[in-house]
Amino acid sequence: MNAWLEDTRTSYDTVADSYAEYVRDSLAGRPHLRAALVSFADRVRAAGGGPVADVGCGPGLITAHLHGLGVDAFGIDLSPGMVARARRDHPGLRFEVGSMTDLDLPAGSVGGLLAWWSLIHVPDDEVPTALAHFHRVLRPGGPVQVGFHVGDASRLKTEGYGGHPMKLHVHRRTPERVAAWLRAAGFALDAQLLIDPDADVPGAVLCAHKP
Ligand SMILES: C[S@@+](CC[C@H](N)C(=O)[O-])C[C@H]1O[C@@H](n2cnc3c(N)ncnc32)[C@H](O)[C@@H]1O
């Protein structure tokens with residue numbers, strides 16, 4: 001495994017429980033993010049339904065929310081600690097360890113794929129590999145939704161979620177750049193949501209589909 005993947009995995013293993021507490025109520029005050037999930041669920045249904053992969057699912061909050069919206073969602077995460085926490089918090093749902101850079105799913109096997117704030121840890125030169133996997137595993141018509149920090153800088157994060165040691169890079173990207181990567185991977189862009197545009201670090205959600 002690449003050093004950056006190992007560092008990312010170890011970092012999230014270390015903070016799995018504190019991260020889970022940190023995000024536990026995060027959707028409650030975020031109506032725009034909840035709306036993005038509603039529109040994603042609608043797109044999944046319109047495309048014929050089927051299993052939906054939440055890639056980089058962390059403790060499974062978004063996976064469970066999608067399930068509550070009637071989506072047959074399952075989670076995949078690099079960190080075994082995160083997957084253990086997700087299984088504990090959501091015993092009725094399926095969570096597996098895996099990396100988006102080597103997605104262990106059959107071609108055309110998912111009806112939708114969501115990756116919220118997980119591609120942020122993948123270096124630029126590996127992003128096309130991850131997006132090629134997203135494209136491969138999606139059925140034609142299936143939606144993809146990617147959430148990320150907006151900006152154009154990368155930083156090394158050395159602690160987080162209560163002062164726990166971490167060692168991983170966080171890459172901020174412009175929506176234009178992520179859209180270009182998605183197009184290059186074969187996706188058609190549908191919508192772009194800019195969240196907290198006046199904040200120091202806005203968020204963005206890009207919605208696309210596999211034609
Ligand atoms: C900031 S958390 C976001 C978690 C969740 N998507 C959410 O929105 O609450 C980033 C997650 O991405 C996972 N991750 C990072 N790199 C990954 C990779 N290459 N493949 C799969 N998961 C990855 C981490 O382990 C971590 O759980």
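Remember, predicted model here, so these are calculated numbers, not experimental data.

J.: I keep staring at the overall build of the protein chain and nothing clicks. Help me out?
T.: Of regular secondary structure, the protein chain possesses six helices and nine strands. For 211 residues, the compact-globule estimate of 2.2 N^0.38 gives 17 Å, and the C-alpha radius of gyration of the protein chain, at 16 Å, lies within 12% of that figure. Projected onto the principal axes, the alpha-carbon positions of the protein chain cover approximately 45 × 40 × 35 Å. The long-range fraction of contacts in the protein chain, counting pairs at least 24 apart against all pairs at least 6 apart in sequence, stands at 69%. Only carbon and sulfur atoms are counted for the fraction: they give 51% of the accessible area of the protein chain, which is about 9500 Å².

J.: What's the story with the environment of Pro-165 in this structure? I'm lost.
T.: Among the structural elements, Pro-165 can be located in strand β7 (residues 164-171). A C-alpha to C-alpha distance of 38 Å links Pro-165 and Val-44, two positions 121 residues apart in sequence. Residues contacting Pro-165, with those up to four places away along its chain left out, are Thr-14, Thr-158 and Glu-159.

J.: Looking at this structure, I do not really get the side chain of Lys-210. What am I missing?
T.: Structurally, Lys-210 is set in the segment after β9 (203-209). Among the polar contacts made by the side chain of Lys-210, one reaches the main-chain carbonyl oxygen of His-135 at a distance of 2.8 Å.

Cut-off values and rules
- Residues numbered from 1 in each chain as written.
- Predicted model: local features only at pLDDT ≥ 70, side-chain atom pairs only at ≥ 80, totals over all residues.
- Heavy atoms only, no water.
- Helix = DSSP H or I, 4+ residues; strand = E, 2+ residues; numbered from the N terminus.
- Rg over C-alpha atoms; globule rule 2.2 N^0.38 Å.
- Contact = heavy atoms within 4.5 Å.
- Areas by Shrake-Rupley, 256 points an atom, 1.4 Å probe, with all protein chains shown as cover.
- Polar contact = N/O pair within 3.5 Å; in protein donor to acceptor, adjacent residues only side chain to side chain.

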